[in-house]
Amino acid sequence: MTAQQATAQQAQLHKIYLSPPHMSGNEQHYLNEAFHSNWIAPVGPHVDAFESELAAYTGAKGAAAVSSGTAAIHLALQLLGVGEGDTVFCQSFTFVATANPIRYLGADPVFIDSEPGTWNMSPLALRRALAEAAAAHSLPKAVLVVHLYGGMADMEEIMAVCNQYGVPLIEDAAESLGSTYRGRQSGTFGQFGIFSFNGNKIITTSGGGMLISDDTEALGRARFLATQGRDNARHYQHSQMGYNYRMSNLLAGVGRAQLEVLNERVAARRSVFRRYEETLGGYAELAFMPELPGTSSNRWLTALTIQCAEAEQLRDSLLIELELANIEARPLWKPLHLQPLFQGTKFYSHSLDGRAVCEDLFHRGLCLPSGSALKVEDQQRVIEVIQSVIDAAAYSPQSLIVS
Ligand SMILES: *Cc1c(COP(=O)(O)O)cnc(C)c1O
């Protein structure tokens, strides 16, 4: 069989997606309820119920359902008083949505490197950044930590540093719903936590987000800002600029059904991870994303790095071969301090010699298909492509050169 024939044959195989939506069936029931009661609006009983059910699940005192995770971050920053000329210390290794809302408010991000043990915000880099800011009398208005791919940041260390300087913490838990740190849910450590229900997240409402907090008064203000900042008057009166950020009652219904199966979804993603680890863990070239002791990741995406001299080449070969086999895989997030959008932004690296952990992860890493409905035989297809690429590399390293 020629290479083209092989490719053509593979093209016949159905596509395996990175993280497709996984409905339970009960979503339809809640949608019907919304239709029958005619609550087709960004307000209604499903919105209220979804908020209280999600708050109960996480252990937070309250929750505000919004149109996206990005909107939730925007509101959290605004509630902490972030505005023109302020700075926010933000994890660099993340999706752009973490940092964009800092700019919406006219503030500037300062990016913080990751640490090797969690891939999330380095407490060492954060400490250095805060010490410098304190000396310059320019402490940030907030610190924004992310639990990437479901893996928990080192919350004890991060919180200790934030508390020392009296800087409030926001957790971008968009990818980590259901992950725990010493038994406590992600998103409940900071003044605010945010979740996303975008189509590729562990549970989805097609699009949506949630802001959680123990500060129920602040959540009231979040709802006010999210509904155009409407004052308490019979006529439409506004003394403050707001947004149209509330979640639709239809989508909240979908969210309620998804939340009912969240624990099953976490278990399924963890099994996907375990199967990859069991079948591929023997390769010295591969290192799976670590899980900090005392934490449990929801393993939203199985992420790994390549450990060999030509790591980036091998990583790129894997991405190419997976794509040819009709399998969706992805490099890890490009650090935000490397993005053209944030050119010239200050960055604090984990190590004093200036080498950035998150840059290294970006160059060596990839994410594998990790959907909670991924069939064992489909996962086997992914595994076999990876095995064949690495095995070929061991015998003929020439074939790995990507032109
Ligand atoms: C998905 C995601 C967001 C944004 O959530 P949306 O609901 O898509 O706005 C923010 N941060 C991280 C880390 C994400 O993965």
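Everything quoted here is computed from the prediction, not taken from an experiment. By convention here, each chain's residues receive numbers from 1 onward along its written sequence. Per-residue local features of the predicted model are confined to residues with pLDDT of at least 70, and side-chain atom pairs are confined, for both listing and counting, to 80 or more; whole-chain, interface and lining totals are unaffected and use all residues. Computation of side-chain values covers all heavy atoms of the structure but excludes hydrogens and water.

(A) Seen up close, the domain arrangement of the protein. Annotation comment: domain bounds sourced from an automatic or database domain assignment. Segmentation of the protein into domains returns domain 1 (3–20 + 263–393) and domain 2 (27–261). For this analysis, residues touch if any pair of their heavy atoms sits within 4.5 Å. At the junction of the two partners, domain 1 supplies 44 residues and domain 2 supplies 48 residues. Between domain 1 and domain 2, roughly 4,100 Å² of surface is buried when both sides are summed, and carbon and sulfur atoms account for 61% of that area. A simple way to read buried area is as the amount of 1.4 Å-probe accessible surface that goes missing from two parts once joined, with both sides added. Broken down residue by residue, the surface that domain 1 buries against domain 2 is led by Trp300, Trp333 and Tyr348, which jointly contribute 20%. Salt bridge, as applied in this entry: a Lys or Arg side-chain nitrogen positioned within 4 Å of an Asp or Glu carboxyl oxygen. Counting every contact that joins domain 1 to domain 2 gives one salt bridge. Among the ionic pairs, Lys346 bridges to Glu132, the shortest N-O distance being 3.9 Å. We define a polar contact as two N or O atoms separated by no more than 3.5 Å, with the added condition that, inside protein, one atom must be a possible hydrogen donor and the other a possible acceptor, whereas residues neighbouring each other in sequence contribute only through side-chain atom pairs. At the boundary of domain 1 with domain 2, the tally comes to 27 residue pairs in polar contact (both at pLDDT 80 or more). Sorting elements by how many residues they give to the side of domain 1 that touches domain 2 places helix α10 (residues 262–280) first, with five residues. The nonpolar class holds Ala, Val, Leu, Ile, Met, Phe, Trp, Tyr, Cys and Pro. Asp, Glu, Lys and Arg form the charged class, and all remaining residues, Gly among them, are polar. Class assignment of the residues belonging to the side of domain 1 that touches domain 2 gives a composition of 23 nonpolar, 13 polar and eight charged. Here a strand is any run of E in DSSP of at least two residues, a helix any run of H or I of at least four, and the numbering for each starts at the N terminus.

(B) View of the packing of aromatic side chains. Pairing of aromatic side chains here covers Phe, Tyr and the six-membered ring of Trp, requires ring centres within 6.5 Å, and sorts the geometry by plane angle: under 30 degrees stacked, over 60 edge-to-face, intermediate tilted. Scanning the model with the defined rule gives seven aromatic pairs in all. With a centroid separation of 6.4 Å and an interplanar angle of 15°, the aromatic rings of Tyr149 and Trp300 are classed as stacked. Placement of the pair is Tyr149 in the loop between β4 (142–146) and α7 (155–165) and Trp300 in the loop between β11 (295–296) and β12 (302–306), with a sequence separation of 151 residues. When the centroid spacing of 5.6 Å and the interplanar angle of 75° are considered together, the rings of Phe273 and Phe288 count as edge-to-face. With a gap of 15 residues between them, Phe273 in helix α10 and Phe288 in strand β10 (residues 286–288) connect regions that are remote in the sequence.

(C) Representation of the sheet that holds strand β3 (residues 108–112) in the model. Should DSSP find at least two bridges between two strands, the strands are regarded as paired. One open sheet holds the eight strands; their spatial order is β1-β9-β8-β5-β4-β2-β3-β14, and the pairing between them is mixed. The open sheet has two edge strands with one neighbour each: β1 (62–66) and β14 (347–348). The pairing of strand β2 (residues 87–91) with β4 spans three bridges and is parallel. In the strand pairing of β4, Phe89 is matched with Val143. Think of each axis as a best-fit line through the C-alpha atoms, taken over the contacting stretch in the case of a helix, with angles from 0 to 180 degrees between the N-to-C directions. Its contacts with the sheet place helix α4 (residues 69–79) against β1, β2, β4, β5 (169–172), β8 (192–196) and β9 (209–213), and it is angled at close to 165° to β8. The sheet strands contacting helix α8 (residues 216–226) are β1, β8 and β9, and the helix crosses β1 at an angle near 15°.

(D) Fine view of the site of the ligand. Consider each residue's heavy atoms; a residue with any of them within 4 Å of a molecule or strand counts as near. Inspection of the region around the ligand gives 15 residues, with Thr70, Asp172, Glu175, Ser196 and Lys201 positioned closest. Between the ligand and the protein, one listed contact pairs a nitrogen atom with a side-chain N or O atom of Asp172 at 2.7 Å. Residue Glu175 places a side-chain N or O atom 2.6 Å away from an oxygen atom belonging to the ligand. The protein chains hide 94% of the 380 Å² of surface that the ligand would expose on its own. Looking at the shell around the ligand residue by residue, the class counts come to four nonpolar, eight polar and three charged. Areas reported as accessible are Shrake-Rupley estimates using a 1.4 Å probe. Residue values count occlusion only from the protein chains shown.

(E) Fine view of the packing of α4 against α8. At their nearest, the axes of α4 and α8 sit 10 Å apart, and the two run at 120° to each other. One element, α4, and the other, α8, form an angle in the oblique class. α4 and α8 meet at a crossing whose hand is right-handed. Every residue of α8 that contacts α4 at Leu75, Gln78 and Leu79 is listed here: Ala218, Arg221, Ala222, Leu225 and Ala226. The residue inventory of the contact of α4 with α8, partitioned by class, reads six nonpolar, one polar and one charged. Note that the term roughly parallel is reserved for angles under 35 degrees, roughly antiparallel for angles over 145, roughly perpendicular for angles of 65 to 115, and oblique for everything else. Two helices crossing with the near one rotated counterclockwise from the far one by less than a right angle form a left-handed crossing, whereas a clockwise rotation gives a right-handed crossing.

(F) Examining the sheet that holds β11 more closely. The strand order across the open sheet formed by three strands is β7-β6-β11, and the pairing between neighbours is antiparallel. At either margin of the open sheet sits one strand with a lone partner, and together these are β7 (184–185) and β11. As paired strands, strand β6 (residues 180–181) and β7 are joined by two bridges and run antiparallel to one another. Directly across from Tyr181, in β7, lies its bridge partner Arg184.

(G) Fine view of the environment of Gln380. The topology assignment puts Gln380 in helix α13 (residues 376–395). Gln380 sits 102 residues away from Glu278 along the chain, and the two C-alpha atoms are 12 Å apart.

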